[in-house]
Amino acid sequence: MSSTILTPNQSLRCILSRAQRLARATPELARYGILLAMTMLTLFPLVWVVSSALSTDTGNIWHFPSAFWPTRPGFFWFERVLAEIPFGRYLINSLGIAIITTVFIALLAIPCGYAFAMINFRGKTPLLTLLVITLMIPSELSMIPNYLTFSRLGLIDSYSSVIIPNLASAFGVLLMKQAFQDLPREVLEAARIDGAGEWQLLWHVALPMARPMVATLLIFSFVQSWNDYFWPSVVLKSREKMPLAVGIFHDLTGPFAVSTGMILAAVILAIIPALLLFALTQRFFISRNAEN
Amino acid sequence: MAMPGVHQRHAWIMASPFLLFFAVFTVWPLLFNGWLAFHDFHLRTGNTLWNGFANFVALAEDDSTFHPAVKNSALFLLTVPVIQICALALALLLNPDKPLLGTFRVLFYTPVVIAISIGALVWRQILMPDGMLTWIGATLLGVDMQQMPDWLNDQRTALWSVMAFFCWKHIGYYMVLYLAGLQAVPKTLLEAATLDGANYGMRLRHVVFPAIQPVILLSTLLCTISALRAFQEILVMTGGDADTQTVPLYVFGAAIFGLNFGVAAAAALLLTLVCLGLAWLQWKWLGEDGLLRRGL
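Everything quoted here is computed from the prediction, not taken from an experiment.

What counts as what
- Here the residue numbering is sequential within each chain, running from 1 through the sequence in written order.
- Chain A is the first chain written and ligand 1 is the first ligand written, with later ones labelled in order.
- In keeping with the predicted nature of the model, local features appear solely for residues at pLDDT of at least 70, side-chain atom pairs appear and are counted solely at 80 or more, and the whole-chain, interface and lining totals rest on all residues.
- Water and hydrogen atoms were dropped before computing side-chain values, which therefore reflect all heavy atoms in the structure.
- Only DSSP runs of H or I reaching four residues or more are called helices, and only runs of E reaching two or more are called strands; each is numbered from the N terminus.
- Counting of polar contacts relies on pairs of N or O atoms within 3.5 Å, with two restrictions inside protein: one atom must be capable of donating a hydrogen and the other of accepting it, and residues adjacent in sequence are counted only when both atoms are side-chain atoms.
- Between rings of Phe, Tyr and Trp, where Trp is taken as its six-membered ring, a pair exists when centres lie within 6.5 Å; planes separated by under 30 degrees are stacked, by over 60 edge-to-face, and by other angles tilted.
- Residues enter a nonpolar core if they are buried and are Ala, Val, Leu, Ile, Met, Phe, Trp, Tyr or Cys, with the set joined through side-chain atoms within 4.5 Å.
- Relative accessible area decides the class of each residue, using a 1.4 Å probe on protein chains only: under 20% of the type maximum gives buried, over 50% gives exposed, and in between gives partly exposed.
- The source of the domain bounds is an automatic or database domain assignment.
- Here, two residues are considered to be in contact whenever any of their heavy atoms come within 4.5 Å of each other.
- Note on definitions: salt bridges are taken to be side-chain nitrogens of Lys or Arg within 4 Å of carboxyl oxygens of Asp or Glu.

## Quick look at the environment of B:Ser161
Positionally, B:Ser161 belongs in helix H8 (residues 158–183). Polar contacts involving the side chain of B:Ser161 include one to the main-chain carbonyl oxygen of B:Trp151, which spans 3.4 Å.

Here you go:
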């Protein structure tokens, strides 16, 4: 084309192709537009928390939109939190409780899931039905009887009273049963014919093959225990035994309720460990290749 | 299937440690609750007395606290369709292999890993009378700040605010369930449908939804139960004030403050039955032979 003047035919084609390109791009634009809007809706509280906690001058933290950028940034509020709240103590409690709970959930659920998946025994079907039914019933409702049990045992205000009621995870057993069922039968049968006992089969053959599901179980259990608020707040009376989710909440709705800066800084400190764990493990449950 | 060398007792040995804890801390409380629902229980002396259906009659007549709690629990069920539709829509948007979608997945999941109590601390700041939401509303919509409600203390808005917090906290969880389910939709079927000229809506209706029917069932079931048991979310946001008390909160109030364990257990038993009933209904509607498989 030598000149910039187009024939009607050419210009029509030009417009059409542009419209086509636009029409093809529109769904994609809409996709990212919706996602962006939803992200803002989901994350604006957290963005506000971060920027306000980093503001040494809290004069601006209620003003939209200037609150979404720190005013005179600094770590003043974080220093005050660490000085006035036994944050390290809470953190150690949270870690200890969550790790012990997770390990024992796995130790109980893995052999039981294996038995349900691999061995036929009398009473299997009713037991499985019972497991599924308990999943359908709010577990909060068993807290009063459990509280009575523990107060009779004299274990109120002990770590064991926080941990023990959460150890029997019906969800964990069903998850592991599913994982073992999906393993290739031939490998297991071959090992059985070679004379491996059931425990050997579980430990050396089935468990290594079901590793991704075990990881899923560990992560879910850990996060759940880490975030649990109500039951620990009921059975724990002394402050030095409280995990983060309980201790921080009590401190920040009690003695420090008036200091917004401290509340927000403490919130960030409490969220960081959970986010860190999530960042390290997210490929297990969010990535597209989770199945492989 | 005959399994030489495998004895039933192996299964029992392997299952018994779990079953022991399960029996003591999951099954026993349920049975104890059921038994308690028909008794008067005196904590101080430990005496119990069969009282027939008196506890249930007390519930039926208690229109100052129990009836509002039932109404609030029923309203809370409205979060189920909201959460399910948002989660499924997000999963559908995030499923393709496109740039940045992995990051979005992580962002939407963030509220799930934050403890309820910690998340509530944030939202209580946002929803204060002169909090962030009021400021945003005043700036963007030009509403007078005095006109904005006191979100968590006003009877008209408190329950809805808590429900919004509930959705914020849980959508990511169900999104991940749906993402996992969408992996299982056969690619070949989708391609065949496209070749046959099916548009996006038809592919959803005739290929995707039938394929993820088990996930829709599971996710809706779990969400319904978590809405009915909504308890911690309310406790940390309003403590049950401003007409936000639900049935689980009523149970605890009756037991811990009223020391009326029989009535609490009766309310708990009713809630359990409603949960099982709803689970059964959803099984009928969304299960193997339900609407998604048979067609609407």
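This is not the end of the story, as more comes after the structure.
## What about the packing of aromatic side chains?
The full count for this structure, using the stated rule, is 30 aromatic pairs over all chains. Between B:Tyr173 and B:Tyr174 the ring centres are 5.2 Å apart and the planes differ by 90 degrees, which places this aromatic pair in the edge-to-face class. Joined through ring pairs, the aromatic side chains of A:Phe44, B:Trp123, B:Phe165 and B:Trp168 make up one cluster.

## Remarks on the nonpolar core
Residue and element names in this part refer to chain A. Ranked by size, the top nonpolar core spans 191 residues in total, and within it Trp 48 and Phe 180 carry the most contacts. The element that contributes the greatest number of residues to this core is helix H3 (residues 87–118), accounting for 15 residues. Looking at which domains feed residues into this core, each of domain 1 (8–74) and domain 2 (86–291) supplies at least three. Beyond its immediate sequence surroundings of up to four residues, Phe 180 is in contact with Ile 110, Gly 113, Tyr 114, Ala 117, Met 118, Leu 202, Ala 206, Leu 207 and Ala 210.

## Things to note about the pattern of salt bridges
Applying the stated rule across the entire model yields eight salt bridges over all chains. The partner of A:Arg31 in a salt bridge is A:Glu28, and the shortest N-O contact between them spans 3.2 Å. In this pair, A:Arg31 and A:Glu28 both sit in helix H1 (residues 8–53), three residues apart, roughly one turn of the helix. You can call A:Arg31 buried: its relative accessible area is 13%. By relative accessible area, which is 23% here, A:Glu28 ends up partly exposed. Among the ionic pairs, B:Lys98 bridges to A:Glu28, the shortest N-O distance being 3.4 Å. With one member in each of two chains, B:Lys98 in the loop between helix H4 (79–94) and helix H5 (101–113) and A:Glu28 in helix H1 form a pair that bridges those chains. You can call B:Lys98 partly exposed: its relative accessible area is 32%.

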